[in-house]
Amino acid sequence: MEELKPFDKCLVRANSFCVWMPALYGMKKTDGKYLTSAGWQEECVPYEGNEELLGTTNIPKSAYCKVCDKEGCQGIDKCEHIDNFRRQWY
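None of the values given here were measured: they were computed from a predicted structure.

On to the environment of Pro46. The residue Pro46 is located in strand 5 (residues 43–46) in this model. For Pro46, a relative accessible area of 8% translates into the label buried. Here the alpha-carbon distance between Pro46 and Lys9, two residues 37 residues apart in the chain, equals 6.4 Å.

And the structure:
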């Protein structure tokens, strides 16, 4: 994720089951939570470049792939392990 500064526009959600909502960035705590105008949130991405996420539960295309957790993974939108998982369940 690019470095956000206080008052930058961002999208946040409490967990992966929640929809992304707009907020203003405040700070990131050492435990990984983000303080925003929407309160403490688990996930935070810059608004610019992620506009299509607003109101959805979609995963950011640039997200690091935690499923395969392989070094050099190109991101969740290009991960073949994610594609296999999606084919299996959807």
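In this section: a nonpolar patch on the surface. A surface patch of nonpolar side chains, amounting to about 270 Å² of accessible area, comprises Met27, Leu35 and Trp40. With respect to the helices and strands, the residue Leu35 is situated in strand 3 (residues 34–36).

Another point: the confidence of the model for the chain. In this model, the chain carries a mean pLDDT of 81, and residues with pLDDT of at least 70 account for 66%. Averaged pLDDT values for the elements of the chain fall to 59 in helix 1 (residues 80–89) and rise to 97 in strand 2 (residues 21–28).

With that out of the way, let us pick up unusual backbone geometry. Its identity is not glycine, yet Phe7 carries a phi of approximately 80°, on the positive side. In this structure, Phe7 sits in the segment before strand 1 (9–13).

This part covers the environment of Asp8. Structurally, Asp8 is set in the segment before strand 1. For Asp8, a relative accessible area of 22% puts it in the partly exposed group. The residues contacting Asp8, other than those within four sequence positions of it, are Glu3, Ala23, Leu24 and Tyr25.

Our focus in this paragraph is the packing of aromatic side chains. The way to describe two aromatic rings as a pair is by their centre distance and the angle between their planes. Tallied over the full model, the rule gives one aromatic pair. Above the face of the Trp40 ring, Lys29 is positioned so that its terminal group lies 5.2 Å from the ring centre.

Membership of the largest hydrophobic core is limited to seven residues, which are Leu4, Cys10, Val12, Ala23, Tyr25, Tyr34 and Cys44. Those elements giving two or more residues to this core turn out to be strand 1 and strand 2. Setting aside residues up to four positions removed in sequence, Leu4 forms contacts with Lys9, Cys10, Tyr25, Cys44, Val45 and Pro46.

Turning our attention to the side chain of Gln41. Relative to the helices and strands, Gln41 resides in strand 4 (residues 39–41). A residue is classified by how much of its surface remains accessible, and Gln41, at 5% relative accessible area, is buried. A polar atom in the side chain of Gln41 sits 3.0 Å from the backbone oxygen of Ala38. The contacts of Gln41, once residues within four sequence positions are left out, are Val12, Arg13, Ala14, Met21, Lys33, Tyr34 and Thr36.

Rules of the game
Residues numbered from 1 in each chain as written. Predicted model: local features only at pLDDT ≥ 70, side-chain atom pairs only at ≥ 80, totals over all residues. Heavy atoms only, no water. Helix = DSSP H or I, 4+ residues; strand = E, 2+ residues; numbered from the N terminus. Buried < 20%, exposed > 50% of the residue type's maximum accessible area, 1.4 Å probe, protein only. Patch = residues over 30% accessible without salt bridge, like charges linked within 9 Å, V, L, I, M, F, W, Y side chains within 5 Å. Areas by Shrake-Rupley, 256 points an atom, 1.4 Å probe, with all protein chains shown as cover. Salt bridge = Lys/Arg side-chain N within 4 Å of Asp/Glu carboxyl O. pLDDT = per-residue confidence, 0-100. Contact = heavy atoms within 4.5 Å. Phe/Tyr/Trp six-rings, centres within 6.5 Å; stacked < 30°, edge-to-face > 60°. Lys NZ or Arg CZ within 6 Å of the ring centre and 35° of its normal. Core = buried A, V, L, I, M, F, W, Y, C linked by side-chain atoms within 4.5 Å. Polar contact = N/O pair within 3.5 Å; in protein donor to acceptor, adjacent residues only side chain to side chain.

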